[in-house]
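Given next are the chains, with one letter for each unit.
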Amino acid sequence: MTRYWYDTEFVEDGKTIDLISIGIVAEDGRELYMQSVEFDPRKASQWVKDHVLGYLKRCPNAKAIHGRDGLYYIDRADHKQGQCTFIEPMEYLGQLPRVGVYADCPWRRRDQIKYELLHFMNVDTYGKPELWGWCCGYDWVAFCQLFGTMMDLPPGYPHYMHDIQHVLDERGITDDQLPQAEGQAHNALTDARQIQKIWEFVNG
Ligand SMILES: [Zn+2]
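(A) Region of interest: the pairing of strand E5 (residues 70-74). In this structure, strand E4 (residues 63-67) lies alongside E5, joined through five bridges in antiparallel fashion. Bridging across to E5, Gly67 finds its partner in Gly70. Between E4 and E5, which pair antiparallel in sequence order, lie two residues.

The following block contains the structure:
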């Protein structure tokens, strides 16, 4: 068994939960952060625009354009193919060109997110996942929908996630007693690290 703490950001309109980003911390220290190229930013609430979209990670390959208000970047819209890939220069083409990915490009298509999750949480390699979130009903749906329906969850994956808020409620722990968060709030990876910190606080 391996324990994972995770958080997502999403666009939500009362009917759909559209994944923006997902951050995961594994108890063995591995971390994963990915942003979907498939969410619709036009449907984002003002709160999400103000607190999430402006703070997404930018791909180092994003094209810089000089606009009226200064420099801005064509980033998500330029990643329809998902994560940036590179090919060996032509002069080395003796056999097949080797294609790799830029590790620091955060953008993924949803199917890329799915396969990377399957690798990151591989049941054969790391054991069954135990998932933890914080007030995580929506995070859980956003996670499941990467695989299809709830019945499409991979073999060995749980059909529920643990909510640290249940533990806090049971023990009468209030927010002001919790360890301080570090980094940019509402970044999925920062928030996943904070959930791990709270888990360690209540289990320490
Ligand atoms: Zn990129």
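(B) Quick peek at the sheet that holds strand E3 (residues 31-36). Across the sheet, which stays open at both edges, the six strands sit in the order E8-E3-E2-E1-E9-E10 with mixed pairing between neighbours. One side of each edge strand has no neighbouring strand; the edge strands of this open sheet are strand E8 (107-108) and strand E10 (162-163). Relative to strand E9 (residues 129-133), strand E1 (residues 2-12) is paired through four bridges, and the arrangement is parallel. Residue pairing in the sheet places Tyr4 in a bridge with Leu131 of E9.

(C) Seen up close, helix H6 (residues 188-203). If you check H6, its first and last C-alpha atoms are 22 Å apart, about what 16 residues at 1.5 Å a residue would give, namely 22 Å. Residues of H6 that are buried include every one of Ala188, Leu189, Thr190, Asp191, Ala192, Gln194, Ile195, Gln196, Ile198, Trp199 and Val202, and no others. In this structure, the buried residues of H6 make contact with E1, strand E2 (17-26), E3, E9 and helix H5 (164-171). Where H6 begins, the side chain of Asn187 points an oxygen toward the backbone nitrogen of Leu189, at a separation of 2.9 Å.

(D) Spotlight on the coordination of the zinc ion. All of the protein donors around the zinc ion are Cys59 (SG), His79 (NE2), Cys84 (SG) and Cys105 (SG); their distances to the metal are 2.0 to 2.3 Å. With four donor atoms in place around the zinc ion and angles of 99 to 116 degrees between them, the coordination shape is tetrahedral. Its relative accessible area of 1% is what places Cys59 among the buried residues.

(E) The arrangement of the packing of aromatic side chains in detail. In total, this model carries ten aromatic pairs according to the counting rule given. Seen from their ring centres, Phe147 and Tyr157 are 5.9 Å apart, and the 75 degrees between their planes marks the pair as edge-to-face. Taken as a pair, Phe147 in the loop between helix H4 (137-144) and E10 and Tyr157 in the loop between H4 and E10 lie far apart in primary sequence, ten residues in all. Per residue, the accessibility class of Phe147 equals that of Tyr157, and both read buried. A network of ring pairs unites the aromatic residues Tyr6, Trp140, Phe143, Phe147 and Tyr157 as a single cluster. The ring of Tyr126 has Arg30 lying over it, and the distance from NZ or CZ to the ring centre is 3.6 Å.

(F) Up close: the nonpolar core. Ranked by size, the top nonpolar core spans 28 residues in total, and within it Ile20, Leu56, Trp107 and Ile164 carry the most contacts. Contributing elements (two or more residues each) for this core: E1, E2, H5 and H6. Among the elements that make up this core, the one with the highest residue count is H6 (seven residues). Those residues in contact with Leu56 that sit more than four places away from it in its chain are Ile20, Ser21, Tyr33, Gln35, Phe39 and Trp107. In terms of nonpolar packing, the next biggest core, distinct from the first, is built from 25 residues, Ile22, Ile113, Phe143 and Phe147 among them.

(G) Representation of the pattern of salt bridges in the model. By the definition in use, this model includes nine salt bridges. For Glu130, the salt bridge identified is with Arg3, shortest N-O distance 2.9 Å. With Glu130 in strand E9 and Arg3 in strand E1, this pair connects stretches of sequence that are 127 residues apart. For Arg3, a relative accessible area of 17% corresponds to the buried category. Look at the salt bridges and you will find they share partners, linking Arg3, Glu27 and Glu130 into a network.

Procedures and definitions
- Residues numbered from 1 in each chain as written.
- Predicted model: local features only at pLDDT ≥ 70, side-chain atom pairs only at ≥ 80, totals over all residues.
- Heavy atoms only, no water.
- Pairing = 2+ DSSP bridges.
- Helix = DSSP H or I, 4+ residues; strand = E, 2+ residues; numbered from the N terminus.
- Expected span 1.5 Å × (residues − 1).
- Buried < 20%, exposed > 50% of the residue type's maximum accessible area, 1.4 Å probe, protein only.
- Contact = heavy atoms within 4.5 Å.
- Polar contact = N/O pair within 3.5 Å; in protein donor to acceptor, adjacent residues only side chain to side chain.
- Donors = N, O, S within 2.8 Å, 3.2 Å for Na, K, Ca; no water.
- Tetrahedral: all angles 85-135°; square planar, octahedral: opposite > 155°, others 65-115°.
- Phe/Tyr/Trp six-rings, centres within 6.5 Å; stacked < 30°, edge-to-face > 60°.
- Lys NZ or Arg CZ within 6 Å of the ring centre and 35° of its normal.
- Core = buried A, V, L, I, M, F, W, Y, C linked by side-chain atoms within 4.5 Å.
- Salt bridge = Lys/Arg side-chain N within 4 Å of Asp/Glu carboxyl O.

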